[in-house]
Amino acid sequence: EDKERAYLEMLQRHQVDGIIAGAHNRGIDLYKKSRMPIVSFDRILANHIPVVSSDNYRGGELATQHLIDQGCKKIIHINGPRELETPANLRRDAYEDTMKKNNLPYKTYEISDTYLEDLFNEQPDLEAVFASDDMIAANVLNAAKNRGIRVPEGLKVIGYDGTEATRMLLPDLSTIQQPIEEIAKVCVEILMEQINQSDNFEVKNVTLP
């Protein structure tokens, strides 16, 4: 949080021309007060700051339906805190809606100090996990391994993001891949518009497939 505030102060002092914000620190009121060149990646900062994201709802549908198509009925979702203002919450909405459409029970765990312990203790007949990002999925894979649960034979896991680093470190992980390069390109284009057309800039959010 301190670094994020420091970067915003650099922008105020014109030491940088613009910022692409992607961290999820809360309570930074400079965003709401400022009218500086800022673009957000997958995070809602203020009404006047454009957001670039992938189609989080469709991604959540794809992940959940894939597990159902694999024959899974007992599927849970792991998500960050609901109060985080991010379009990524749509992944959770899509999971719950898709489970309802298929007349299947659903449950979402929010990340806490004990969420994985709670998950495996409370769901002994668990068949699949849809994790809202690949780091959470990696933790699930590790916890399953420690409990002697084989993936995918005993538990199916799908993540979300599909960054190059994840594909290198976890090549066997099924995941919903975001169009990272395209998102980055659009973020830069919108930021340049803000910098060059500060008086006439029209705020627009962009959702990529």
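For the structure itself, look to the data block above.
Report follows, based on the coordinates. (Residues numbered from 1 in each chain as written. Predicted model: local features only at pLDDT ≥ 70, side-chain atom pairs only at ≥ 80, totals over all residues. Heavy atoms only, no water.)

Observations regarding the layout of surface pockets
Take a probe with the size of a water molecule and roll it over the atoms, and the empty space left behind shows itself.
Move 1: Within this model, the largest pocket holds a volume of roughly 450 Å³.
Move 2: Lining the largest pocket are 20 residues, and of these Leu-141, Val-151, Pro-152, Asp-172 and Leu-173 lie nearest its centre.
Move 3: Elements supplying a minimum of two residues to the lining of the largest pocket: α3 (56-69), α6 (134-146) and β7 (156-161).
Move 4: It is α6 that contributes the most residues to the lining of the largest pocket, four residues altogether.
Move 5: Taken together, the residues of the lining of the largest pocket break down into 12 nonpolar, four polar and four charged.
Move 6: Of the volumes computed, that of the second largest pocket is approximately 310 Å³.
Move 7: Forming the walls of the second largest pocket are 18 residues, and the residues nearest its centre are His-24, Thr-86, Ala-88, Arg-91 and Asp-133.
Move 8: Broken down by class, the residue content of the lining of the second largest pocket amounts to six nonpolar, eight polar and four charged. (1 Å grid on protein atoms, 1.4 Å probe; cavity = no way out; pocket = protein on both sides within 12 Å on 5 of 7 lines; lining within 4 Å. Points joined across faces, edges and corners; volume = space filled by probe spheres on them. Helix = DSSP H or I, 4+ residues; strand = E, 2+ residues; numbered from the N terminus. Nonpolar A, V, L, I, M, F, W, Y, C, P; charged D, E, K, R; others polar.)

Quick word on the sheet that holds strand β6 (residues 128-131)
Move 1: Spatially, β5-β4-β6-β7-β8 is the arrangement adopted by the five strands of the open sheet, whose pairing is parallel. On the outer flanks of this sheet lie β5 (108-110) and β8 (174-177), each paired with one strand and no other. On average, each strand axis in the sheet is tilted by 20 degrees relative to the strand beside it, whichever way the strands run.
Move 2: Here strand β4 (residues 75-79) runs beside β6; their pairing, made up of four bridges, is parallel. Within β6, the position partnered with His-77 by the bridge is Phe-130.
Move 3: Sheet contacts for α6: β4, β6, β7 and β8; angle to β7, the most-contacted strand, approximately 155 degrees. (Pairing = 2+ DSSP bridges. Axes fitted to C-alpha atoms, helices over the stretch in contact; angles between N-to-C directions. Contact = heavy atoms within 4.5 Å.)

Section: the sheet that holds strand β1 (residues 19-21)
Move 1: The strand order across the open sheet built from four strands is β1-β2-β3-β9, with neighbouring strands paired in parallel fashion. The strands lining the two open edges of the sheet, one partner per strand, are β1 and β9 (206-208). On average, each strand axis in the sheet is tilted by 20 degrees relative to the strand beside it, whichever way the strands run.
Move 2: Note that β1 and strand β2 (residues 38-41) share three bridges and pair parallel. Paired with Ala-21 across the bridge in β2 is Ser-40.

Here's the deal with the packing of aromatic side chains
Move 1: In total, this model carries zero aromatic pairs according to the counting rule given.
Move 2: The ring of Tyr-160 carries Arg-91 above its face, with NZ or CZ at 3.7 Å from the centroid.
Move 3: The ring of Tyr-109 carries the charged tip of Lys-107 above its face, separated from the ring centre by 5.1 Å. (Phe/Tyr/Trp six-rings, centres within 6.5 Å; stacked < 30°, edge-to-face > 60°. Lys NZ or Arg CZ within 6 Å of the ring centre and 35° of its normal.)

Re the pairing of β4
Move 1: β4 sits mainly inside the fold: five of its five residues count as buried.
Move 2: The alternating pattern of β4 places Ile-75, His-77 and Asn-79 on one face and Ile-76 and Ile-78 on the opposite face, and all of these are buried.
Move 3: As paired elements, β4 and β5 share three bridges and run parallel to each other. What sits directly across from His-77, in β5, is Thr-108.
Move 4: Read from β4 through helix α4 (residues 89-101) to β5, the crossover connection turns out right-handed. (Buried < 20%, exposed > 50% of the residue type's maximum accessible area, 1.4 Å probe, protein only. Right-handed = clockwise from strand over helix to strand, strands pointing away.)

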